[in-house]
There are 2 protein chains.
Amino acid sequence: MSSEARVSSLDVARRAGVSRSAVSRVFTPGASASAETAAKVRRAAEELGYRPNALARAVITGRSRIIGLIVAYLDNQFYPVALERLSNALQERGYHILIFTAGNRDEDISGILQELIEFQVDGIITASVGMTNDLTRRCAAAGIPVVMFNRGQPGSGLSSVTSANRAGGAKLAEFLVAGGHARIAHVAGWQGSSTGVDRKTGFVDRLAALGREPLDVIDGMYDREITMAATRDLMARPAPPDAIFAGSDHTAFAVMDVLRGELGLDVPGDVSVVGYDDVPIAAWPGYDLTTIRQPVGRMVEATVETLLAQIEAPDRPAQALEIAGDLILRGSARIPEGYGP
Amino acid sequence: MSSEARVSSLDVARRAGVSRSAVSRVFTPGASASAETAAKVRRAAEELGYRPNALARAVITGRSRIIGLIVAYLDNQFYPVALERLSNALQERGYHILIFTAGNRDEDISGILQELIEFQVDGIITASVGMTNDLTRRCAAAGIPVVMFNRGQPGSGLSSVTSANRAGGAKLAEFLVAGGHARIAHVAGWQGSSTGVDRKTGFVDRLAALGREPLDVIDGMYDREITMAATRDLMARPAPPDAIFAGSDHTAFAVMDVLRGELGLDVPGDVSVVGYDDVPIAAWPGYDLTTIRQPVGRMVEATVETLLAQIEAPDRPAQALEIAGDLILRGSARIPEGYGP
DNA sequence: CCGCAGCTTGCATAGCTGTGCAATGAAACG
DNA sequence: CGTTTCATTGCACAGCTATGCAAGCTGCGG
């Protein structure tokens, strides 16, 4: 409530008639202080508007309670939703998110790692970022725990939390085949990412197990424009697909926009479309998209638990968690007999 | 490249055969150091993987280069887009965003202010948050500059950056009247926010100036469900509206989903719909929404400039900036003669 | 009444860095 | 070659807090 000069523990100590140590102990859980001095200190702190300096505290305890979040892009709604939940989950545990936006270029990521070290972050979460092996090595060298959210990197020694992407891709393959589709195409997610590769692999392998093969697989790079171009290309062929699996909901919307908006086709009458993620928009009647749900809540919980555990015990081995996701039936694809309620 | 022990400037100094001061000066722009020692120091730092401790630096300079961002929700796509740009703009200037998610309840905000002070943030940006006057006073007391993004609070003494919301509302009123609509309704943005109030006021006032009045004005709270309920209510009346202005694009999508998805109506054949923001989805063929563009890029620039200027010169008076936004013509509303190209 | 145990509290130090000040060295100039 | 000047560098201190250690005090039991 005083003027704008920053107020330190010394000011509080003087006003309360005690030493700095006493003030520090009052604000340190687990330290011993008598009820009387605690009251005096709290009152003085209140009057002066004092709060302990978390940065100075971090310098001496070696714990900043800051988590660095590296995120490449936010246009896929899955990531803002996850960001909000991550922030809430970490806030509840006394941690905070320092955000870093980066393209997927190596030099971006490299520079960001420097800054993460400068800010003494206790841990790192990456989202929608494909890490390089170089970065992997440097993180390990810096001794900062890393959890990759919605990405994995086998053999990197880094923890990761993903949904069961291969299983999800397989479910969609079965679903589309059961729906009686003849020409099934896949506009895949970025093949530089584990999610993009795993979904594709699970999808193609299950098709093969059913004695089928995809009409075509094109890398849509998780990009709206590229996916739209790929869709136009597919549909311009003599025998166009009657079902398209897009690598994410965000790109499935792009596919549907081309089919309905540009080509005047009916979904699912002419072409069935399925996606992956179950972002909120997928439930809107405008798209009503059949998709695999990525359980954001549980993925976030697992990410936070894993990261904090690794911060507590740095020697704990990294673990790659996969969380199963359900097929969500909606109106964008023919529903075969036996599915649904 | 070494083991995981944190490496300090003393380690680098020893390895380079110089004093701590020399190391500090090499990493402080503007300080004097000979080319020779700079080379020695940089080399030793490289070998040890040293980076200066930004937290310790912040303790002594009194500048953390951390900006606190308070955001209430991210489901309206306008905010993730803004967040990404804010982060980029600040990163370019050597600042970073510490993120705080909060509901709009007073106790949330109050607790967050404590944490903002603890982390010694140099400035605060609020987005999608309605601040209380109490918070206003406490921020001023703490001496931390605040810029409200996409919100204003007249008379609070806080800086703000918004688009010209009254002017935008007026443009939409004119546009809908020129389109020959007979019964014009407004499902407004949250009336506890300046944007919601200003857009409504500009809209209603211009209607009045044209000798018209709205069929009804309902507070949609910027919430999808509430807006959908309001739309159902409007359309169930004996004389339903033939044009609806929704307080944001995000809620305009909700209106369209009810009209087309639930009621089987044609947009704009039966009802014209307009929104506000011009988020990316508004341009997708699935919605193709006529709206007022909020120029995110310029709003972000202005926010960053204002905040940094206020950090440099704390006595600088607060300013409320308004940035004009254009009417973007698309297919969700009848286009009157004389508009368009 | 005395000794001991246990809780409090102040002192001093640690944890990392920026920066004023003075000393050192070299370079430049006469 | 002598002197002045300037850049450079080390020392010491500041900035804010946590914590081990020892001293003080209180209370309890003998």
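In short, a report on the structure. (Residues numbered from 1 in each chain as written. Chains lettered and ligands numbered in written order. Predicted model: local features only at pLDDT ≥ 70, side-chain atom pairs only at ≥ 80, totals over all residues. Heavy atoms only, no water.)

We now examine the overall build of chain A. Helix and strand counts for chain A stand at 12 helices and 12 strands. By the compact-globule yardstick of 20 Å for 341 residues, chain A is too spread out, its C-alpha radius of gyration being 25 Å. Dimensions of chain A along its principal axes, counting C-alpha atoms only, are 85 × 40 × 35 Å. Looking at chain A as a whole, 54% of its 341 residues are labelled buried. A separation threshold of at least 6 residues defines the contact pool for chain A, and within that pool the share at least 24 residues apart is 72%. Accessible surface computed for chain A: about 13800 Å², of which carbon and sulfur atoms make up 50%. The average position of the 34 basic charges and that of the 40 acidic charges among the side chains of chain A differ by 8 Å. (Helix = DSSP H or I, 4+ residues; strand = E, 2+ residues; numbered from the N terminus. Rg over C-alpha atoms; globule rule 2.2 N^0.38 Å. Buried < 20%, exposed > 50% of the residue type's maximum accessible area, 1.4 Å probe, protein only. Contact = heavy atoms within 4.5 Å. Areas by Shrake-Rupley, 256 points an atom, 1.4 Å probe, with all protein chains shown as cover. Lys, Arg positive; Asp, Glu negative; His and termini not counted. Charge placed at Lys NZ, Arg CZ, Asp CG, Glu CD.)

For the pair chain B and chain A, the best superposition has an RMSD of 0.1 Å and corresponds to a rotation of 180° with a translation of 0.1 Å parallel to the axis. Expressed as an axis order, the relation between the two copies is that of a two-fold axis. Identified as the residue of chain B closest to the rotation axis by C-alpha distance is L98 of chain B, at 2.3 Å. Here 100% of the interface residues in chain B have copies in chain A that are interface residues too; the copies meet face to matching face. (Least-squares fit on C-alpha atoms with pLDDT ≥ 70 in both.)

Turning our eyes to something else, we now look at the protein's contact with DNA strand D. Surveying the vicinity of DNA strand D reveals 25 residues, the closest of which are S9, S24, R57 and I60 of chain A together with T37 of chain B. A breakdown of the atoms of DNA strand D within 4 Å of the protein gives sugar and phosphate a share of 55%. Separating a base oxygen of DNA strand D from a side-chain N or O atom of S21 of chain A is a distance of 3.4 Å. Looking at the surface near DNA strand D, the elements that each hand over two or more residues are α2 (20-26) and α4 (54-61) of chain A together with α2 (20-26) and α4 (54-61) of chain B. Classifying every residue of the surface near DNA strand D gives nine nonpolar, 12 polar and four charged. (Near = heavy atom within 4 Å. Polar contact = N/O pair within 3.5 Å; in protein donor to acceptor, adjacent residues only side chain to side chain. Nonpolar A, V, L, I, M, F, W, Y, C, P; charged D, E, K, R; others polar.)

Bringing the sheet that holds strand β5 (residues 159-163) of chain A into the picture now. Pairing in this open sheet of 12 strands is mixed, and the strands run β11(A)-β5(A)-β4(A)-β3(A)-β1(A)-β2(A)-β2(B)-β1(B)-β3(B)-β4(B)-β5(B)-β11(B) from one edge to the other. Of all the strands in the sheet, the pair left with one neighbour each is β11 (320-323) of chain A together with β11 (320-323) of chain B. If you compare each strand with its neighbour and ignore which way they point, the axes differ by 20° on average. (Pairing = 2+ DSSP bridges. Axes fitted to C-alpha atoms, helices over the stretch in contact; angles between N-to-C directions.)

Let us look at the nonpolar core. Ranked by internal contacts, the top residues of the largest apolar core, which has 148 residues, are I124 of chain A together with I124 of chain B. When neighbours within four sequence positions are excluded, I124 of chain A is seen to be in contact with G68, I70, L113, L116, C139, I144, P145, V146, V147 and L307 of chain A. (Core = buried A, V, L, I, M, F, W, Y, C linked by side-chain atoms within 4.5 Å.)

Turning to the protein's contact with DNA strand C, a few remarks are in order. The full set close to DNA strand C counts 25 residues, and T37 of chain A together with S9, S24, R57 and I60 of chain B are the nearest of them. A breakdown of the atoms of DNA strand C within 4 Å of the protein gives sugar and phosphate a share of 57%. Taking S19 of chain A, its side chain carries an N or O atom lying 2.7 Å from a phosphate oxygen of DNA strand C. Among the secondary structure elements, those contributing two or more residues to the surface near DNA strand C are α2 and α4 of chain A together with α2 and α4 of chain B. Partitioning the surface near DNA strand C into residue classes produces nine nonpolar, 12 polar and four charged.

Moving on, we come to the interface of chain B and chain A. The interface of chain B with chain A comprises 56 residues on the first partner and 56 residues on the second. Counting the surface lost from both chain B and chain A, the interface buries some 5200 Å², and carbon and sulfur atoms represent 59% of this. On the chain B side of the contact with chain A, R6, L55 and W284 of chain B bury the most area, a combined 14% of that side's loss. In this assembly, chain B and chain A are joined by two salt bridges. Note that R51 of chain A and E118 of chain B form a salt bridge whose closest N and O atoms lie 2.7 Å from each other. Where chain B touches chain A, the interface holds 20 residue pairs in polar contact (both at pLDDT 80 or more). (Buried area = accessible area lost by both parts, 1.4 Å probe. Salt bridge = Lys/Arg side-chain N within 4 Å of Asp/Glu carboxyl O.)

Most of the time, phi is negative for any residue but glycine, and the peptide bond is trans. In this structure, the amide linkage connecting V267 of chain A to the following residue, P268 of chain A, adopts the cis form with an omega of 10°. Considering the arrangement of structural elements, one finds P268 of chain A in the loop between α11 (249-262) and β9 (272-277). Phi at M221 of chain B is positive, roughly 60°, even though this residue is not glycine. The residue M221 of chain B is located in the loop between β7 (216-219) and α10 (224-235) in this model.

What follows concerns the pattern of salt bridges. All names here are of chain A. Applying the stated criterion across every chain yields a total of 32 salt bridges over all chains. Measuring nitrogen to oxygen at the nearest pair gives 2.8 Å for the salt bridge that ties R232 to E262. Separated by 30 residues along the polypeptide, R232 in helix α10 (residues 224-235) and E262 in helix α11 bring together distant segments of the chain. Within the structure, one salt-bridge network assembled from shared partners comprises R15, R43 and E47.

Everything listed is a geometric property; what it means functionally is a separate question.
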